[in-house]
Amino acid sequence: MDILGISCYYHDAAAALLRDGQLVAAAEEERFSRIKHDYGFPRNAIQFCLDFAGIRSADLDYVVFFEKPFRKFDRILMSVLQTYPQSWKVFRESMISWMVDKLWVGSTLEDELGISKQKVLFCEHHLSHAASAFLCSPFEEAAILTVDGVGEWVTATCGRGHGNEIRLLKQIDFPHSLGLLYSAFTAFLGFEVNEGEYKVMGMAPYGQPRYLEKVWKLVQQNSDGSFALNMDYFCFHHSTDRTYNRRFADLFGDPRPPKLPFYTKVSGFPKYFGEPPANYEEICDLNQHYADIAASIQRVTEELLLGMARRLHEETGLKRLCIAGGVGLNSVANGRILRETPFEELFIQPSAGDGGGALGAALWAYNTLLGKPRQFVMQHAYWGRAYAAGEISSFLRQNNIAHAVIENDDQLSDFVVRRLMEGSVVGWFQDRFEWGPRALGNRSILADARNPEMKDIVNAKIKFREPYRPFAPSVLAECAETYFDLPQAPRHHPARYMLYVVPVREEQKSTLPAITHVDGTGRLQTVFREQSPRYYSLIERFGQATGVPVVLNTSFNLKGEPIVNTPMNAFSTFSKSEMDALVLENFIISKS
Ligand SMILES: [Fe+2]
């Protein structure tokens, strides 16, 4: 039985294909369309899934949409968040026209895929989130927490899963939304909503949470774990062009200008920015204020999530917790939930945001609606398109690109190890691309994590990131505990997907300066031989050569672009940057 899950028209559009309950292929549309966070109908991702499975759309048994369509409402809401000129009247009208759009999505699916109405199913947005985590977790029974900006109306749920059943026990409704609270600060701090949340999380460690009292004026947590926003400070629920209002600005001062470069006295002036400006001190002080605000909203978000998780534990008595929804990508909060609540194990799949809804919707249909036993545990993130040696070779030949080939895998690893030890930055393109927003060793840019200059080198050559975006480490799973404060690291699934930020061990901070963030933490990826044989072998051999089985891993893309998909995307990124070498499967391209 083939079931296609689809998410689109809100955040990240994606498709996922299940065959007899096993995931076969899954991908976000942005990788094909090259439009970051593409939310349009995921034609390319769907075609990829069908091709991979060797079927046509007419062969599908079911197509499941990840929410009960609310397209226009959601779009208007997003527009409001992204400072689009809308009004309450428009918002209300869009609610009415939702009824029309609801029908429209169904017929789009029928038209695009040439399938009958009877095959189209709809799963609720937060149920898709819950299913996307629980039904592919290794847990027979677990508590479930979903938290995002907003689904249809719901913004968070608590529930439990057992076997192939999911029960959502409680929900919080719009406008009370942790995701939208965080997004309001994302906008206030000068970043794009739905894109800049990572930047707020990364900026927070540069600040002190000096404004906790003020942030707690905006939101309160109830004794049952639920929370409520004080809507006196927001306007995303009705406004024309802002997420927060004047009262919010009275509390926190002027918003951070989007173009203000970020550095503080702690980060210093990044070398790759050039010469410090005359008003360096003044800008440092200004950024310090904004970093303190970032630290405050991050802390409050963590406290709210901890409160919800603790209460959910009390109510269910369960030891395991599945998390999904965009807020599930807050890996600092996830690390604290593991360390500071009675839950012993968490499961979060790599596409925890709305893209993952495609997977959840398909799993829900197969396991819960059709009542089939669970067949699938997600062990890795490699569900995208791969390129065979023949395809890469003809691409290189057709474009007259000089290259070498190293057929032997050990020799290939040793070549890359040598280059990394010499200080090179290497593009590493292998097998199927990753599901979710993180590069996990199949579309990655690699460098030596031991080199204190490497952050600046990678930034100067490729990324031009500001200091609030730390680089992440990939470490052999069984060695992770030596470097990171994560007891029994291999058992924790979220660490496979860089979904925990944990302290770097005190004695190892000087060993791994390029991946240790300003607050002494790292967002590690544990690498397993079984799931990533080539990447594992590379890090293993790097460890044999240097004594440190850890590499710096950053996503294979230029700033602002989606992660690469094809050999051509990879070569173009390589050419436009100052990357030193590119490895496409066994093909090597070097800059002299
Ligand atoms: Fe969502």
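You'll find the structure just up there.
First things first, this report covers the structure right here in the doc. (Residues numbered from 1 in each chain as written. Predicted model: local features only at pLDDT ≥ 70, side-chain atom pairs only at ≥ 80, totals over all residues. Heavy atoms only, no water.)

**As for the environment of C123**
Our working rule: Secondary structure counts use DSSP, requiring at least four H or I residues in a row for a helix and at least two E residues in a row for a strand, with both numbered from the N terminus. A 1.4 Å probe rolled over the protein chains alone gives each residue an accessible area, and that area as a share of the maximum for its type sets the label: buried under 20%, exposed over 50%, partly exposed in between. We call two residues contacting when some pair of their heavy atoms lies within 4.5 Å.
In this fold, C123 is placed in the loop between β5 (120-122) and α5 (125-134). A relative accessible area of 1% means that C123 is categorised as buried. The spacing of C123 and D59 is 64 residues in sequence and 21 Å in space, taken between C-alpha atoms. Setting aside residues up to four positions removed in sequence, C123 forms contacts with V64, F65, F66, E67, K68, S128, E152, A361 and W364.

**Some details on the sheet that holds strand β14 (residues 426-429)**
Selection rule: Here, a strand pair is defined by DSSP locating no fewer than two bridges between the strands. Fitted lines through C-alpha atoms serve as axes, helices being fitted only where they are in contact, and the angles separating the N-to-C directions of these axes extend from 0 to 180 degrees.
Spatially, eight strands are ordered β13-β22-β21-β14-β15-β20-β16-β19 in an open sheet, and the strand pairing comes out mixed. Every interior strand has two partners, whereas the edge strands, β13 (404-405) and β19 (525-527), have only one. Where β14 meets strand β15 (residues 443-447), four bridges bridge the pair, whose relative direction is antiparallel. Note that in β15 the partner of F429 across the bridge is R443. Each of β14, β15, β20 (550-555), β21 (581-584) and β22 (587-590) touches helix α14 (residues 409-421); the most contacted strand, β14, lies at about 150° to it. Against the sheet, helix α17 (residues 533-546) touches β14, β15, β16 (472-476), β19 and β20, its axis set at about 135° to β20.

**Here's the deal with the packing of helix α6 (residues 178-188) against helix α10 (residues 280-316)**
Threshold: Here is the rule for angles: anything less than 35 degrees is roughly parallel, anything more than 145 is roughly antiparallel, 65 through 115 is roughly perpendicular, and the remaining ranges are oblique. Nonpolar residues are Ala, Val, Leu, Ile, Met, Phe, Trp, Tyr, Cys and Pro. Charged residues are Asp, Glu, Lys and Arg, and all others, Gly as well, are polar.
Orientation of α6 relative to α10, taken along the N-to-C sense of each, is 175°, at an axis distance of 11 Å. Classified by the angle between their axes, α6 and α10 sit roughly antiparallel to one another. Of the residues in α10, those touching α6 at L178, L181, Y182, F185 and F188 are Y290, I293, I297, Q298, T301, L304 and L305. By residue class, the composition of the contact of α6 with α10 is 10 nonpolar, two polar and no charged.

**Quick look at the coordination of the iron ion**
Filter applied, for reference: Atoms of type N, O and S within 2.8 Å of a metal are treated as its donors, and for Na, K and Ca the window is 3.2 Å; water is not considered, so some sites may appear to be missing partners. All geometry calls rest on donor angles, where a four-donor set with angles between 85 and 135 degrees is tetrahedral, four- and six-donor sets with opposite donors more than 155 degrees apart and all others between 65 and 115 are square planar and octahedral, and all else is irregular.
Ligation of the iron ion by protein atoms is provided by H125 (NE2), H129 (NE2), D148 (OD) and D354 (OD), these donors lying 2.1 to 2.2 Å from the ion. Given four donor atoms and angles of 89 to 170° at the metal, the environment of the iron ion is assigned as irregular. Each donor residue of the iron ion belongs to the same chain, and together they define the spacing H-x3-H-x18-D-x205-D. Here the residue H125 occupies a position in helix α5, and D148 occupies one in the loop between β6 (141-147) and β7 (154-162), the gap between them amounting to 23 residues. Here H125 matches D148 in class, with each residue buried.

**A word on the nonpolar core**
Most often, soluble globular proteins have nonpolar side chains that are buried together. Stated formally: Buried Ala, Val, Leu, Ile, Met, Phe, Trp, Tyr and Cys residues that are joined via side-chain atoms within 4.5 Å together make up what is termed a nonpolar core.
Membership of the largest hydrophobic core comes to 202 residues, with the highest contact counts inside it found for L4, L181, F234, F252, L321 and M378. With 16 residues, the single largest contributor to this core is α10. Excluding residues that lie within four positions of it along the chain, L181 makes contacts with L218, V219, L229, F234, I297 and L304.

**A look at the packing of aromatic side chains**
Cut-off, in case you're wondering: Aromatic contacts are taken between Phe, Tyr and Trp rings whose centres are within 6.5 Å, Trp giving its six-membered ring; a plane angle under 30 degrees counts as stacked, one over 60 as edge-to-face, and the others as tilted. Charge over a ring is defined by NZ of Lys or CZ of Arg lying within 6 Å of the ring centre and within 35 degrees of the ring normal.
This model, assessed by the stated rule, comprises 29 aromatic pairs. Relative to F262, the ring of Y206 lies with its centre 5.7 Å away and its plane at 70°, an arrangement referred to as edge-to-face. Here Y206, found in the loop between α7 (197-203) and α8 (212-218), pairs with F262, found in the loop between α9 (246-252) and α10; they are 56 residues apart in sequence, far enough to count as distant. Under the relative-accessibility criterion, F262 is labelled buried at 0%. Taken together, the aromatic side chains of F185, F188, F234, Y244, F248, F252 and Y290 make up a single cluster linked through ring pairs. We note R374 situated over the ring of F134; from NZ or CZ to the ring centre the distance is 4.4 Å. Above the face of the F528 ring, R496 is positioned so that its terminal group lies 4.1 Å from the ring centre.

By themselves, these figures tell us nothing about what the structure is for.
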